[in-house]
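# Architecture and fold: a report
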Amino acid sequence: MIVAHRGASHDAPQNTIPAFALAWEQGADAIEGDFHLTRDGHIVCIHDDNTKRVSNADLVVNKSTLAELRELDFGVHHGQAFKGTRIPAIAEVFATIPEKKTIYIEVKCGVEIIPTLLKEIERSGLTKEQILIISFNEKVLQEMKTQAPQYRTSWLCSFKKQETGVITPSADTVLSTLKLIHADGLSSNTAVPESLIEMVRKQGYSWHVWTVDDPKTAKRMKSLGAKSITTNVPKVIRESQGIR
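Here's what I pulled together on the structure shown here. (Residues numbered from 1 in each chain as written. Predicted model: local features only at pLDDT ≥ 70, side-chain atom pairs only at ≥ 80, totals over all residues. Heavy atoms only, no water.)

### Notes on empty space enclosed by the protein
Scanning all chains against the criterion turns up one cavity of 30 Å³ or more. Around the largest cavity, the lining residues are Q14, N15, T16, C45, I46, H47, D48, R53, V54, F74, I87 and P88. (1 Å grid on protein atoms, 1.4 Å probe; cavity = no way out; pocket = protein on both sides within 12 Å on 5 of 7 lines; lining within 4 Å. Points joined across faces, edges and corners; volume = space filled by probe spheres on them.)

Here it is in structure tokens:
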């Protein structure tokens, strides 16, 4: 599967409706979006906990209302064509998803979002097969499985090579965490050891990889057994030889 990272975020403002609409046009199998809870209990699509990097003002998301956030321009840094683009609520993102396509919902805050998130998913009419919940926050995924075990989850984990040459976290840490939180899969960066990929898959977990914009790397990740490849350039990866 080719997953559009925050939509077709190379060509349109990340985490906005134009980016998600363009992702579907470019042949993505899924979109990935980041979600926070506002002060007045709405779920909005934005990566950071503030708006400084992607809009024309600096508001803290969980201290702002949806109406206040809607006043900002989220297209301002991506050219005149996107001027006036607004922050989307999660229902608006769900509404872009075609039949049999998927959304990777990355929870960027804490467990407090889960009751509202479950209500929004139910209202959306999407099937459980169209939903994958992802997060770096283990408690979020653990609580999601407690409240709604029917939805698939994948733990986001960034691997790093230390000065000693050792890659962390260790295989034992990863496997014990996946088991503890009842995750369905592991989502990693490309620094994940190949031996760990094999171990994870043998244990019955799916493996997903992010963020890959180079076709050569994408082909290698596919050969290692990636269930999905998250990219900022879905069209490029879709059209690259062997990524179908």
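### Side note on the pairing of strand β9 (residues 185–188)
Burial along β9 is two-sided: G185 and S187 and L186 and S188, pointing in opposite directions, are all buried. Of the pairings in the sheet, the one linking strand β6 (residues 152–157) to β9 comprises four bridges and is parallel in character. Within β9, the residue paired with W155 across the bridge is L186. Two elements, β9 and strand β10 (residues 206–209), share four bridges in a ladder whose sense is parallel. Note on β10: the bridge partner recorded for G185 is S206. For the crossover that starts at β9, traverses helix α7 (residues 194–202) and ends in the parallel β10, the hand is right-handed. (Buried < 20%, exposed > 50% of the residue type's maximum accessible area, 1.4 Å probe, protein only. Helix = DSSP H or I, 4+ residues; strand = E, 2+ residues; numbered from the N terminus. Pairing = 2+ DSSP bridges. Right-handed = clockwise from strand over helix to strand, strands pointing away.)

### Looking at the packing of aromatic side chains
According to the stated counting rule, one finds one aromatic pair in the structure shown. Measuring from ring centre to ring centre gives 6.0 Å for F136 and W210, while their planes differ by 75°; the resulting arrangement is edge-to-face. Of this pair, F136 sits in the loop between β5 (131–135) and α5 (138–147) while W210 sits in the loop between β10 and α8 (215–223), and the two are 74 residues apart along the sequence. (Phe/Tyr/Trp six-rings, centres within 6.5 Å; stacked < 30°, edge-to-face > 60°.)

### Remarks on unusual backbone geometry
The linkage connecting T168 with the following residue, P169, adopts the cis geometry, with an omega of 0°. Mapping P169 onto the fold places it in the loop between β8 (167–168) and α6 (171–180).

### Considerations on the environment of K219
Residue position: K219 is located in helix α8. The partly exposed category is assigned to K219, whose relative accessible area is 36%. On a C-alpha basis, the gap between K219 and S9 in space is 21 Å, while along the polypeptide they are 210 residues apart.

### Comments concerning the layout of surface pockets
The volume enclosed by the largest pocket comes to roughly 180 Å³. Around the largest pocket, the lining comprises 17 residues; the ones closest to its centre are H5, E32, E106, L156 and W210. Among the elements of the structure, β2 (30–37), β4 (102–107) and β10 are those that each provide at least two residues to the lining of the largest pocket. For the lining of the largest pocket, a count of residues per class yields six nonpolar, six polar and five charged. (Nonpolar A, V, L, I, M, F, W, Y, C, P; charged D, E, K, R; others polar.)

### Quick notes on the pairing of strand β11 (residues 228–231)
Burial of the side chains of β11 extends over both faces: S228 and T230 are buried on one face and I229 and T231 on the other. As defined by bridge partners, β10 adjoins β11 across two bridges and the pair is classed as parallel. Bridge pairing in β11 links H208 to S228. Once you follow β10 into α8 and on to β11, the crossover reads as right-handed.

### Description of the nonpolar core
Of all hydrophobic cores here, the largest spans 57 residues; its most connected members are I103 and I133. When sequence neighbours within four positions are dropped, the list of residues in contact with I133 reads I105, V107, L117, I121, L141, M144, Y151, R152, T153 and S154. Judged by nonpolar contacts, the second largest core, of nine residues, contains I46, L66, L72 and I87. (Core = buried A, V, L, I, M, F, W, Y, C linked by side-chain atoms within 4.5 Å. Contact = heavy atoms within 4.5 Å.)

### Some points on the packing of α6 against α7
When two helices pack together, their arrangement is given by the angle between their axes and by how far apart the axes lie. It is the contact of α6 with α7, at a shortest axis distance of 11 Å, that shows an interaxial angle of 25°. As judged from the angle between their axes, α6 and α7 are roughly parallel. When the axes of α6 and α7 are compared, the crossing they make is right-handed. Along the contact surface, α6 presents A171, V174, L175 and L178, while α7 presents L196, M199 and V200. (Axes fitted to C-alpha atoms, helices over the stretch in contact; angles between N-to-C directions. Parallel < 35°, antiparallel > 145°, perpendicular 65-115°, else oblique. Left-handed = near helix turned anticlockwise from the far one by under 90°.)

### Brief notes about the pattern of salt bridges
Summed over the entire model, instances satisfying the criterion amount to nine salt bridges. The residue K202 makes a salt bridge to E198 at a minimum N-O spacing of 3.3 Å. Note that K202 and E198 are positioned in helix α7 at a spacing of four residues, about one turn of the helix. The class of K202 is exposed, set by a relative accessible area of 66%. (Salt bridge = Lys/Arg side-chain N within 4 Å of Asp/Glu carboxyl O.)

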